[in-house]
Amino acid sequence: MRRLLAASLLAFTASLAGAPAAHAQGASVWFLAEGANNSLFTEEIQIANPSASTLDVTVTLLPAPDAIAPTTTKTFTLGRTSRKTVILATDFQLNGSSSARVSAVLTGTATPADIVVERSMYFPDASKPGAHNASGMTQLASSWTLAEGATTLFDTFVLVANPNATVTRVRATYLTALGAEYTSELDAPANGRVTFWPSAEHPALQAAEFSTFIESLTAGNDVAAERSMYFDGFRSGHDALGVAAPSTTWYFAEGFTGGSAQTAFETFLLLANTSQSAATVTVDYLLDSGQVVSRDYPVPARSRFTVWVDQEGRVFDTRLADAAFGIRVTATTPIVAERAMYWGTPSAIDPKTPTFPWVEGHDTAGVTAPAAKWGFAEGQQGNFGTTNTRFDSFFLLANPNAAPIGVRATFMREDGLGAVREYCVAANARANIWTADVSPLTNQRFATFLETVASATCASNGGEAFVAERAVYIGTGFAAGHVNVGTPWTGAIVTPATAPDYEPPPPPPPPSFSLTSVSPNAGRLGGGQSITLSGSGFVAGARVYFINPAWTSDRNDNTVLPDVDQATNVSVGNGGTTITARTPARSFYTGYQTAGPVTVRVVNPDNSTVDLVNGYTFRFNILAFGDDFVYGSTDGGGLAGRAFPLGLQQQLSGLAQFGAHVSVTNGGAFGECAGGGGSCPGTTGAGRFPGAADGVASQEAYDAVVLLEGINDMRYGAGSGSARNALRTILINARDRGIVPIVTRLATPTSLLSSGSLTELNNQIWALTEEALGTEIYRQSLEGISMGGAYPTQGGYDAIASQVLSKVTREFPLRPCDGRSDKPGRGCPLNP
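Residues numbered from 1 in each chain as written. Predicted model: local features only at pLDDT ≥ 70, side-chain atom pairs only at ≥ 80, totals over all residues. Heavy atoms only, no water.

Peer 1: So what exactly am I meant to see when it comes to the overall build of the protein chain here?
Peer 2: Looking only at helices and strands, one finds 11 helices and 48 strands in the protein chain. On C-alpha atoms alone, the protein chain measures out to a radius of gyration of 42 Å, which is more than a quarter above the 28 Å that the 2.2 N^0.38 rule sets for 832 residues. In terms of overall dimensions, the protein chain has a C-alpha envelope of 120 × 60 × 55 Å along the principal axes. Considering the protein chain as a whole, with its 832 residues, one finds that 56% of them fall into the buried category. Counted over contacts in the protein chain with a minimum sequence separation of 6, partners at least 24 positions apart contribute 76%. Total accessible area computed for the protein chain in this model is approximately 29800 Å², and 53% of it derives from carbon and sulfur atoms. One finds the centroid of the 52 positive side-chain charges in the protein chain at a distance of 5 Å from the centroid of its 70 negative side-chain charges. (Helix = DSSP H or I, 4+ residues; strand = E, 2+ residues; numbered from the N terminus. Rg over C-alpha atoms; globule rule 2.2 N^0.38 Å. Buried < 20%, exposed > 50% of the residue type's maximum accessible area, 1.4 Å probe, protein only. Contact = heavy atoms within 4.5 Å. Areas by Shrake-Rupley, 256 points an atom, 1.4 Å probe, with all protein chains shown as cover. Lys, Arg positive; Asp, Glu negative; His and termini not counted. Charge placed at Lys NZ, Arg CZ, Asp CG, Glu CD.)

Shown next as structure tokens:
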């Protein structure tokens with residue numbers, strides 16, 4: 001941000017000068033024409049006291065007729081060398097639009113006391129994506145001129161404060177860029193405020209550029225006027241004070257037509273000629289290089305003229321493209337000049353020009369006289385509010401003299417403490433004060449007073465006149481911001497008691513490091529399942545391990561595939577109270593290690609650890625799926641006392657690798673075909689498998705499916721091709737669920753099929769296992785099975801269980817690759 005701001009701070013020449021005519025000393029009473037606090041706007045009034053005395057400050061609201069203001073007057077104590085922030089929502093419960101009068105006296109007396117007053121508004125609501133700010137006015141006038149105004153992309157409003165005891169008739173005259181005039185008249189209530197809305201008053205102003213001339217038509221009743229403009233649905237906008245007296249000369253400290261890769265700026269110059277005579281206006285663009293680009297513009301009588309400086313860089317003088325500059329305006333007839341700047345995302349066509357809608361903008365009238373002292377009531381540095389919004393304040397110092405100057409900055413916090421810093425500003429140059437460099441201002445609201453002083457370091461005598469502005473940027477990426485010229489100051493500036501340097505609060509104690517649960521607390525041995533760990537003190541970058549002393553020491557020796565004891569996809573969330581992860585995926589090549597409970601361990605990046613003993617259980621779950629031969633049918637219409645799935649489970653549970661943490665589910669169905677067709681009855685295996693695979697809790701998710709099906713497809717005339725297609729569908733569904741398939745075929749004659757039909761089916765099944773289906777398919781030929789005729793005997797079912805057991809133990813080994821090297825490719829043998 002600092003580099004970007006420095007790029008936009010512009011070269012000054014000796015002719016640059018001070019504040020609009022609306023600013024004047026005699027600063028005990030101030031008027032704010034704009035102001036609103038409601039669901040759209042949040043308003044604050046800032047009041048600065050640079051004296052050694054305590055003051056009583058009275059804020060009196062001048063509300064619009066429809067505003068709700070339970071309290072309209074309130075007095076606040078303002079300590080010496082301090083700043084006060086009045087928040088309209090809490091201090092006045094204001095709901096609506098209201099101008100304000102702010103006055104100060106020495107505490108306990110009626111003696112006026114000088115102060116500095118500003119007002120800031122944020123919108124929409126309190127999230128602060130948009131903001132504007134303006135100083136108060138210390139004098140009223142019978143007429144005001146506002147050079148800027150537009151409705152094509154904007155909503156423009158003119159706000160008039162009537163601090164008089166009687167109703168004031170106010171006329172607004174709108175002078176368009178085409179030379180047309182439109183007028184409106186409204187009554188401003190006594191001690192109240194009225195709002196002009198040009199586009200609602202005149203259809204011709206619904207898409208126009210114009211200046212506004214405000215007049216009080218009630219003799220003796222002077223008023224105050226401001227103009228606010230909003231764009232992008234009130235997400236962004238700016239505000240400017242009216243000018244009481246046109247001038248033939250105007251100066252601006254800032255102008256920028258460049259930017260960075262993230263943010264681009266564009267600058268507009270708005271010229272209002274309220275007189276009856278045409279004006280020739282000479283604009284000198286004072287480049288940082290010291291060069292001057294000049295151009296004359298004709299401004300007809302009673303009209304408004306717009307200069308788009310970015311376009312001047314394209315069509316008039318390329319030196320104005322991607323340039324930082326000051327502006328000097330000289331007119332043959334008194335006029336009013338404003339400068340508006342907008343910024344946003346660089347456009348694809350011209351990266352130095354922002355796209356619309358802009359992110360934000362600001363606007364100000366020109367200045368006419370430098371001063372030796374300047375005062376600012378607003379200033380914020382650091383993070384504020386429930387949203388911890390970032391504020392950065394910058395003070396822009398322009399030295400129009402031929403010699404360097406020394407500037408003392410006196411910062412006054414809300415607690416009455418402060419800081420003093422001194423800066424040198426070279427001749428005909430500028431300096432930038434970023435208050436982030438002033439440690440006592442960190443996370444503080446403050447007022448600032450600037451004055452030239454004698455300085456041996458700067459080789460200056462003191463008392464020189466200069467110009468000062470303040471910019472405040474809000475949020476990341478210049479999300480909001482506002483600019484204001486300072487108030488010329490003639491009174492004393494008292495040095496506040498020194499505030500200590502900012503001491504960051506000590507870091508909070510680390511949260512207790514605990515692991516209380518894992519959900520779900522069990523899952524398949526093959527892993528790859530989502531789990532959530534709950535506890536506290538988890539830190540981004542934490543690792544999750546599953547610890548079982550029984551696992552072999554070579555469990556992670558395979559350098560090709562991931563470790564089998566470390567979770568993957570680990571993500572810390574919810575303020576360090578949860579971890580989401582996936583259990584380690586295992587295969588033949590990594591080894592499966594043992595089923596059963598394990599200790600879950602979390603290791604933070606600092607290598608601190610926390611364990612949850614028996615926090616997770618790995619289970620070995622098998623689905624035996626198929627037809628009558630899985631279901632356990634026997635000749636004579638009965639069922640085997642121990643179908644092969646039960647026999648397989650009993651044998652697996654006797655192995656140390658699986659023990660009690662194994663289950664084999666009987667997913668057989670009597671009379672079922674793998675696919676449809678022929679005279680196949682009922683459901684099909686292909687249609688039934690997804691529900692069987694998914695219809696279990698995650699703790700029971702299957703590691704493997706033993707598939708024995710297809711005989712009924714041949715028996716009922718569907719054919720071997722239909723059976724193969726259906727079995728392929730089942731295999732693809734198993735693959736997509738991470739289930740390892742073991743395909744079996746009955747190589748023992750059955751009276752259900754002829755020898756030829758059985759051979760045809762078995763050939764199709766084996767051919768299927770050779771297809772490239774994106775998963776490794778294990779196969780087992782069931783041979784020498786004792787048959788009762790159509791179906792196996794009990795001994796036959798036990799033999800099936802034993803033969804499948806040999807395949808399961810081979811393909812789900814304890815150690816990586818089961819210590820063998822007969823499967824080349826993905827990591828076998830060990831450490832290839």
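Peer 1: Looking at this structure, how should I read the packing of helix 6 (residues 644-653) against helix 11 (residues 794-811)?
Peer 2: A packed helix pair is summarised by two numbers, namely the angle formed by the two axes and the spacing between the axes. At their nearest, the axes of helix 6 and helix 11 sit 8 Å apart, and the two run at 50° to each other. Comparing the axis directions of helix 6 and helix 11 gives the class oblique. The chirality of how helix 6 crosses helix 11 is right-handed. Residue-level contacts link Phe644, Gly647, Leu648, Gln651 and Leu652 of helix 6 to Tyr797, Asp798, Ile800, Ala801, Ser802, Val804, Leu805, Val808 and Thr809 of helix 11. When the residues that make up the contact of helix 6 with helix 11 are grouped by side-chain class, the tally is nine nonpolar, four polar and one charged. (Axes fitted to C-alpha atoms, helices over the stretch in contact; angles between N-to-C directions. Parallel < 35°, antiparallel > 145°, perpendicular 65-115°, else oblique. Left-handed = near helix turned anticlockwise from the far one by under 90°. Nonpolar A, V, L, I, M, F, W, Y, C, P; charged D, E, K, R; others polar.)

Peer 1: Any chance you could explain the environment of Ile800 here in plain terms?
Peer 2: Looking at the element boundaries, Ile800 is found in helix 11. We classify Ile800 as buried; its relative accessible area is 1%. Along the primary structure Ile800 and Ser228 are separated by 572 residues, whereas in three dimensions their C-alpha atoms are 87 Å apart. The residues touching Ile800, leaving out its near neighbours within four places in the chain, are Phe644, Leu782, Ile785 and Pro792.

Peer 1: Explanation requested: the nonpolar core in the structure shown.
Peer 2: With 83 residues, the main nonpolar core has Phe546, Phe644 and Leu652 as its most contacted residues. The element best represented in this core is strand 44 (residues 609-626), accounting for nine residues. Residue contacts for Leu652: discarding those within four places in its chain leaves Phe620, Ile622, Phe658, Gly659, Val662, Val664, Leu805, Val808 and Thr809. In this structure, Phe268, Ala279, Val293 and Ala340 belong to the second largest nonpolar core, which totals 36 residues. (Core = buried A, V, L, I, M, F, W, Y, C linked by side-chain atoms within 4.5 Å.)

Peer 1: Where do I start with the sheet that holds strand 9 (residues 130-135) in this structure?
Peer 2: For sheets, the rule is that strands pair by backbone hydrogen bonds, running either parallel or antiparallel. Overall, antiparallel pairing links the four strands, which are arranged 6-3-8-9 in an open sheet. The outermost strands of the open sheet, each flanked by one partner alone, are strand 6 (82-87) and strand 9. Going from strand to strand, the sheet's axes swing by 20° on average, the running direction of each strand aside. Relative to strand 8 (residues 116-123), strand 3 (residues 42-49) runs antiparallel, the two sharing seven bridges. By the bridge assignment, Ala48 is partnered in strand 8 with Val116. (Pairing = 2+ DSSP bridges.)

Peer 1: Could you clarify how one ought to interpret the pattern of salt bridges in this entry?
Peer 2: Side-chain pairing between opposite charges can occur once the charged atoms of the two side chains come close. As enumerated under the stated definition, the model contains 35 salt bridges in all. Between Glu185 and Arg171 there is a salt bridge, with the nearest N and O atoms lying 3.3 Å from each other. In this pair, Glu185 is assigned in strand 13 (residues 181-188) and Arg171 in strand 12 (residues 168-176), connecting sequence segments 14 residues apart. Classification of Arg171 as partly exposed rests on a relative accessible area of 27%. Through salt bridges with shared partners, a single ionic network connects Arg169, Arg171, Glu185, Asp187 and Glu215. (Salt bridge = Lys/Arg side-chain N within 4 Å of Asp/Glu carboxyl O.)

Peer 1: Can you help me understand the packing of aromatic side chains in this one?
Peer 2: Between two aromatic rings, the relevant description is the distance of the centres plus the angle of the planes. The final tally for this structure, using the stated rule, is 46 aromatic pairs. Measuring from centroid to centroid gives 5.5 Å for Phe629 and Tyr791, while their planes differ by 55°, and the two rings are tilted. Remark: Tyr791 occurs in the loop between strand 48 (778-782) and helix 11 and Phe629 occurs in helix 5 (residues 628-631); sequence separation between them is 162 residues. Neither residue differs from the other here; Phe629 and Tyr791 are each classed as buried. (Phe/Tyr/Trp six-rings, centres within 6.5 Å; stacked < 30°, edge-to-face > 60°.)

Peer 1: Got a minute to help me understand the side chain of Glu43 in this structure?
Peer 2: Within the secondary structure layout, Glu43 lies in strand 3. One buried charged side chain, Glu43, makes no salt bridge at all; its nearest oppositely charged neighbour is Arg119, positioned 4.8 Å away. Ignoring sequence-local partners within four residues, the contact set of Glu43 consists of Glu34, Gly35, Ala36, Asn37, Val86, Ile87, Leu88, Leu94, Arg119, Ser120 and Met121.

Peer 1: What is the right way to read the sheet that holds strand 13 from this model?
Peer 2: Strand order in the open sheet formed by four strands is 10-15-12-13, with antiparallel pairing between adjacent strands. One side of each edge strand has no neighbouring strand; the edge strands of this open sheet are strand 10 (143-146) and strand 13. Strand-to-strand, the axes of this sheet are offset by a mean angle of 15°, without reference to chain direction.

Peer 1: Just to check I follow, could you spell out the state of the cysteines for this structure?
Peer 2: A disulfide bridge is the covalent bond that connects two cysteines by way of their sulfur atoms. Enumeration according to the criterion identifies two disulfides in this entry. A disulfide bridge connects Cys424 with Cys458, and the sulfur atoms are separated by 1.8 Å. Between Cys424 and Cys458, the disulfide has an S-S torsion of -85° and is therefore left-handed. Of the two residues, Cys424 sits in strand 29 (residues 417-425) while Cys458 sits in the loop between strand 31 (444-455) and strand 32 (460-461), which places them 34 residues apart along the sequence. Residue Cys424 is classed as partly exposed on the basis of its relative accessible area, which comes to 40%. In this model Cys673 forms its disulfide with Cys680; the gap between the sulfur atoms is 2.1 Å. Classification of the bridge connecting Cys673 and Cys680 rests on its S-S torsion, roughly -90°, and on that basis the disulfide is left-handed. (Disulfide = S-S within 2.5 Å.)

Peer 1: What is the right way to look at the side chain of Glu360 in this model?
Peer 2: Mapped onto the fold, Glu360 is located in strand 24 (residues 360-365). It turns out Glu360 is buried and unbridged, and the closest side chain with the opposite charge, Arg235, is 6.9 Å from it. Of the polar contacts made by the side chain of Glu360, one reaches the backbone nitrogen of Ala131; its length is 2.9 Å. (Polar contact = N/O pair within 3.5 Å; in protein donor to acceptor, adjacent residues only side chain to side chain.)

Peer 1: Help me understand helix 7 (residues 685-694), please; the structure alone is not making it clear to me.
Peer 2: For helix 7, the set of buried residues is Gly685, Ala686, Phe689 and Ala693. Buried residues of helix 7, viewed axially, fall in a sector of 85°; they line one side. Buried residues in helix 7 make contact with strand 44, strand 46 (704-708) and helix 9 (720-736). (Arc of directions from axis to C-beta.)

Peer 1: Would you mind showing me how to read the pairing of strand 44 here?
Peer 2: Walk down a regular strand and you will see the side chains alternate between the two sheet faces. The buried fraction of strand 44 is high, at 14 of 18 residues. Of the pairings in the sheet, the one linking strand 38 (residues 522-524) to strand 44 comprises three bridges and is parallel in character. Note on strand 44: the bridge partner recorded for Arg524 is Arg619. The turn linking strand 43 (residues 596-603) back onto strand 44 is made up of five residues, and Asn607 within it adopts a positive phi angle of 70°. Relative to strand 45 (residues 662-668), strand 44 runs parallel, the two sharing seven bridges. Bridging across to strand 45, Ile622 finds its partner in Val664. As defined by bridge partners, strand 44 adjoins strand 46 across five bridges and the pair is classed as parallel. Bridge pairing in strand 46 places Gly626 opposite Leu708.

Peer 1: Help me understand a nonpolar patch on the surface in this model?
Peer 2: A surface patch of nonpolar side chains, amounting to about 340 Å² of accessible area, comprises Tyr631, Leu639 and Phe670. Judged by its relative accessible area of 52%, Leu639 is exposed. (Patch = residues over 30% accessible without salt bridge, like charges linked within 9 Å, V, L, I, M, F, W, Y side chains within 5 Å.)

Peer 1: Would you explain helix 9 in this entry?
Peer 2: Each full turn of the α-helix corresponds to 3.6 residues, which orients residues three or four apart in the same direction. Here helix 9 is 17 residues long and its end C-alpha atoms lie 24 Å apart, about the 24 Å a rise of 1.5 Å per residue gives. Among the residues of helix 9, Ser720, Ala723, Ala726, Leu727, Ile730, Leu731, Asn733 and Ala734 are the ones counted as buried. Relative to the axis of helix 9, the buried residues are bounded by an arc of 160° and lie together on one face. Packing partners of the buried residues in helix 9 comprise strand 44, helix 7, strand 46, helix 8 (711-715), strand 47 (740-746) and helix 10 (755-769). Gly738 sits one or two residues past helix 9 and shows a positive phi near 70°. (Expected span 1.5 Å × (residues − 1).)

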